[in-house]
Every structure is written in C-alpha cells, then in structure tokens.
Amino acid sequence: MPACITTPIYYVNDRPHIGHAYTTTVCDVWARAMRLRGEDVFFLTGTDEHGVKVEKSAAAKGVTPQALADENAAEFQRVLKVFGLSNDDFIRTTEPRHEKQVQAFVKRLLESGSVYLGTFEGWYDEGQEEYYTETKAKELDYKSPISGRPLARATEQNYYFRLSAFQQRLEQFFASNPGFVQPTARQNEVLGRLREGLQDVPITRTNFTWGIPFPGDEKHVIYVWIDALFNYVTALGYGDRDGAFTGDLFARRGKYWPAQYHVIGKEILWFHAVIWPALLMALELPMPRRIHAHSFWIADGQKMSKSMGNFVDLPTIEGYFAKYGLDAWRWYMATQGPLQASDADFRAQHFHDTYTSELVNVVGNCPSRVTAMVGKYFEGKMPADAQQGGEWPARCSAAADAWAKAIDELDLVAAAQAPMGLLREVDAFINRTEPFKVAKDPSRAAELASILAQCAETVRIAGVMLEPFLPAKMAELRTALSGEADAALPASQRLQWGRLAPGTPLAKCALFPRV
RNA sequence: GGCCCCGUAGCUCAGCGGCCUAGAGCAGUCGACUCAUAAUCGAUAAGACCUCGGUUCGAAUCCGAGCGGGGCUACCA
C-alpha cells in the first residue's frame, strides 16, 4: 500500500534551526526505512510563505514578499540538501499549483455551506493592524503595546469555516480511531478541548494582501493556516478534481493520500488534529491515518530562546556535522529526540557520550573486530559456515520483525534497538567463543570459519536495519562487505540469512572515529 | 479557575488492569580477555519508588490531600 509521510511546511519568516531539522529527520528515517522495505513512499515537506508576518518583514527589508519568500525558501531547500534529506517533493504555498487548488477547495467549501460570510468584532491596534483577543487586550490594558494608543473596537467582515458543525462527527471519529493522535498525552489534550465545544473560525483576512485571494471576493485573502494545511493534498493533486485543472498530478500521486503520518510539533496540534480533519470532512476527503505530535528540544535544561543564547541554530548544527559527521547527528536526533510526550534535553556532553558508547563502541567497533579477524585468519574472504548460521538466523529474523514493527509505529528508538541488540550479541558471542584463540589451533579451522561467518553475516544484517538512521556510514559498511549491489534490493531479501557467499571479499572497516 | 501529564538509582528513563526481594541504558567500581576504534565481555555497588493519609493480607502501582515541574484552555465585563 502506498504510504505518505509529511512534515509541517516551514514558515519562511523563520530561519532553519533544530526544530525543523528534528521533524524532518524523523520523517526521513521513517521514509528511508519504508523504502528499504520496498514500500511505495511519498515524503513531503515544504514552505509556508503567506501571511502578514512575511508581508511586514519584506516591507521592513524593502523587498517584495515574494522576493523574501524566494530567498528563505531557497535557504530551506539548501539546508535539506546539506542534511541529505530524502523528501520526494518540496511544496511552496506560493506556487500556482498550490494556490489554484486551495481556491478550488475554498470554493467548494463555500458552495457546500461550510464557509459563510460573518462579522468579526474585536480589539484592533491600528498601528499594528492586528486584532487582540479579549484576554490579551485586557492584559494590555486596552492600549497598544507598541504605540500606547488605545485599542479600537472594530468590526470586520470575514469568511468563517463552520467548525462547530463538525463537533459530533469529530467526536465520533476520535472514538472510533483511538490512537489517531499520538502520543496519548497529546490526544487527551485534544479531547479535552473538544469537549469544551467548537466555535466557527474565520478563514480570511482583509487587513493585508499577502495571501491567496478568496475566490469571488478578492479583497479577502485566505488565512495562512488554512492555506498551509491544504499543502498535504495539493502536493498530491487533490484540488485537481474540481475539473478546472488537468488531473495529471492527481493521476500520479493521488494514491498517496491519506497520509500515514503527519509528523508535527506539539504547538500546532489543534490545527492538525481538529481543524484539518474538519476541513477534510467538509470536503468529503479521507482522513489522515495518524497525527504524531512530538515535543520540543530544550538545551542544557532550559527552554531554547534567542535571548538566552542557547538556541541550537544552523551554525551550531553544522558544528556538530563537522565534529561528528552527519550520520551521528541523525542518530542523536532519531534515538534521543523528543518523539514522545516529554521534551528532550540537548546537551553537548550527552551528544558526545551517545556518539561514543553507541556509534564508536558498538556500531563502529563490532564490524571492525569482525572484519579484522576475517582479514587476519581468512585473507579477507568470507569463510564458509558448515553450521548454516547456528542460532543466528533465528535471532536475526526476530530482530528484523521487531524492527519492522517499530517502524510501523514510528518508534525510532525501538527500531534502532533491534540492530543494536544484534551487534551487542555478536560482541558477547565473540568473547564467549574466543575465535582469536580458536585460530591458534589448526585442527579447529572449521569452527573458526563458522564463528566468523556467523558474525559477519549478522553484522551485514544489522547494517541493513541501521541504514535508515546512518545512510552514509552503512553504505561504507556495505562497500566493505562487497554488497554495493544490494542497495537496490528490498529488505525482505536483504534481511535473509546467507547473502554473504563464502569467498566474498570483506574489507576491514572503521566507521566511526573516536572523537 | 477548569482539564490533563509528570515526579522511580549520579544522569535519561521503563515498570503503574496490585505480590517488586524495584529494573534498563549511560556514568562508577571490580574482574576477565586481547580479535577490535584503551574497544569488548562478565560481575558489582547505588534508590525514603516526591510527602502525608487511606483502601488492602499485600501498593512504586488504587484512592484523597499536599508539595514540585510541565502542558492545554478559560475567566472573575
């Protein structure tokens, strides 16, 4: 079955930082694992480019909003390349393909009665051209925080999405799809808020122009969040269906919806878990399968903030690349990150300890000692195993099952654990069977061959499972094991016992240098 | 104000439809070994399971209150 995974689209008013890197890396590991399994995967990311903030930043810089968006979108795309991320498309909300489809969706919502023209009333800051909520206005003592002038009571005509009409259907949907929102703590938040009742939400703005024009009433632009959410289906051509467009994109990509996973940060949960499903219901499109809302990285025990100076920004990240390598960064993101309900602490010492104890001492050292012995005792050629693997084929197959199951659940920690466990078992096996002693007794040559063949084959299989996490380093390992051609084969074949034929050249390798 | 989550070894966390004489990884200590990137393997030490009270034959696990941390959301117009 075709599978689709998405990151949120990143707001171009921001600079790439650890948050973007994390979400995208999580998706990348999953996408690579699924492709390795031979699944037909579509991995989508992109940029969110409209809205008043972009308009203002552009004005401040004296450029057009489009020019600013172009510049920053290019930066995000550059960063994806630097990170070696394997997304299949990069959608920008200012692209015609997106804008046209969003208009088609909104038109359909209007025609079906899910969108109506209503009046919005609130406290308006004329200098800032912004509305404040009642609470916020009161906090500000009804004065502009910038100019100090009193806020005005203003009204505005806006188009509203009839979110309140979907209360029951959403409740039913959540009831019949337990686990739709993950982790559970996040789902509870959504359910709690849902219980309080839903109000209709304005989906257009008239106080600025940098957005997609509302079809048929062009002094309104579509609110940036509504615009942005639709990227998940416009990238697949779903708006084409309304007839005015060619269905070419849809013909190629329509199969990828519904998305298996929308991976997001917890701050944008409400839009994804409630508003987005309601929009899809209104349009009679299928629901995504799962929303996974991860938590945040903090740094050295503190919330990251620019003023604290503990923000893990791009230059900081690139410093880690330089010192430990890209794969080590991916490993830390994927295995130590805040994928579940609690925040994760980013600490240089912890990064270093993880690198050493897991990558250097296990993933690097285990293949190193195995290939070294094959080099020393068998002239670098895979020995023949008269025992057909002994207990190892069963162990490997159990690990492969655990790995696949973990990938299905987006449990990256468990998915990494499976091959790591195998390597640790190989280490223990070597200490127990002492091939380096067996090698001293010529009459035990067959035994030695079996031990090392079993180790080498297990290392190869563990390496396959580690590829989604450590693509570059595992490619190195593959090369050392003369398995370059394997890269194209699906995991079902590559995880089978016995692909390393006797006589295959195995080169000594040292994958992760001690730092 | 309402709702929700968390508080377990030095660190990060698992266990939480009661029996745990409380576990894992990392860090520590001791030992083994030498094929390997001073790596690996084994053993070992370490905890009022936040506090108090309750239920129970029995509670880290259930209930109540409190303290501490976090989240969502509202409001005293």
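Refer to the structure printed above.
The sections below set out a description of the structure shown in this document. (Residues numbered from 1 in each chain as written. Chains lettered and ligands numbered in written order. Predicted model: local features only at pLDDT ≥ 70, side-chain atom pairs only at ≥ 80, totals over all residues. Heavy atoms only, no water.)

## A short note on the nonpolar core
Phase 1 of the analysis: Ranked by internal contacts, the top residues of the largest apolar core, which has 97 residues, are Trp 329 and Phe 346.
Phase 2 of the analysis: The biggest single contributor to this core is helix H18 (residues 445-466), with 12 residues.
Phase 3 of the analysis: When sequence neighbours within four positions are dropped, the list of residues in contact with Phe 346 reads Ile 18, Trp 297, Ile 298, Ala 299, Asp 300, Val 312, Tyr 320, Trp 329, Tyr 332, Met 333 and Phe 351.
Phase 4 of the analysis: Of all hydrophobic cores here, the second largest spans 59 residues; its members include Tyr 159, Leu 198, Ile 212 and Leu 280. (Core = buried A, V, L, I, M, F, W, Y, C linked by side-chain atoms within 4.5 Å. Buried < 20%, exposed > 50% of the residue type's maximum accessible area, 1.4 Å probe, protein only. Helix = DSSP H or I, 4+ residues; strand = E, 2+ residues; numbered from the N terminus. Contact = heavy atoms within 4.5 Å.)

## Brief notes about the pattern of salt bridges
Phase 1 of the analysis: Applying the stated criterion across every chain yields a total of 29 salt bridges.
Phase 2 of the analysis: For the salt bridge of Arg 460 with Glu 457, the shortest nitrogen-to-oxygen distance reads 2.8 Å. Highlighted residues: Arg 460 and Glu 457, both in helix H18, separated by 3 residues, approximately one helical turn.
Phase 3 of the analysis: With relative accessibility at 7%, the residue Arg 460 sits in the buried group.
Phase 4 of the analysis: Judged by its relative accessible area of 1%, Glu 457 is buried.
Phase 5 of the analysis: One salt bridge in this structure joins Arg 478 and Glu 467, with 3.0 Å as the shortest N-O distance. Linking Arg 478 in helix H19 (residues 471-480) with Glu 467 in the loop between H18 and H19, this pair joins segments that are 11 residues apart in sequence. An identical accessibility class is assigned to Arg 478 and Glu 467; each is buried. (Salt bridge = Lys/Arg side-chain N within 4 Å of Asp/Glu carboxyl O.)

## Some details on the packing of aromatic side chains
Phase 1 of the analysis: Counting across every chain of the model gives 34 aromatic pairs.
Phase 2 of the analysis: Pairwise contacts between aromatic rings join Tyr 22, Phe 83, Trp 297, Tyr 320, Phe 321, Tyr 324, Trp 329, Tyr 332, Phe 346, Phe 351, Tyr 355 and Phe 512 into one cluster.
Phase 3 of the analysis: The ring centre of Tyr 223 lies 4.1 Å from the NZ or CZ of Arg 205, which sits over that ring.
Phase 4 of the analysis: Of note, Arg 395 hangs over the ring of Trp 392, and the distance from its end group to the ring centre comes to 4.4 Å. (Phe/Tyr/Trp six-rings, centres within 6.5 Å; stacked < 30°, edge-to-face > 60°. Lys NZ or Arg CZ within 6 Å of the ring centre and 35° of its normal.)

## As for the protein's contact with RNA strand B
Phase 1 of the analysis: Close contacts around RNA strand B come from 31 residues, with Glu 189, Asn 365, Arg 369, Asn 431 and Phe 512 the closest.
Phase 2 of the analysis: Considering the 4 Å shell around the protein, atoms of RNA strand B inside it are sugar or phosphate in 69% of instances.
Phase 3 of the analysis: Contacts to RNA strand B include Asn 361, whose side-chain N or O atom sits 3.3 Å from a phosphate oxygen.
Phase 4 of the analysis: One nitrogen or oxygen atom from the main chain of Phe 512 is found 2.6 Å from a base nitrogen belonging to RNA strand B.
Phase 5 of the analysis: For the surface near RNA strand B, the elements supplying multiple residues, two or more each, are helix H7 (184-195), helix H14 (348-378), helix H16 (412-433) and helix H17 (435-438).
Phase 6 of the analysis: Here the element with the most residues in the surface near RNA strand B is H14; it accounts for 10 residues.
Phase 7 of the analysis: Classifying every residue of the surface near RNA strand B by side-chain character gives 11 nonpolar, 7 polar and 13 charged. (Near = heavy atom within 4 Å. Polar contact = N/O pair within 3.5 Å; in protein donor to acceptor, adjacent residues only side chain to side chain. Nonpolar A, V, L, I, M, F, W, Y, C, P; charged D, E, K, R; others polar.)

Spatial relationships are all this shows, so hold off on functional conclusions.
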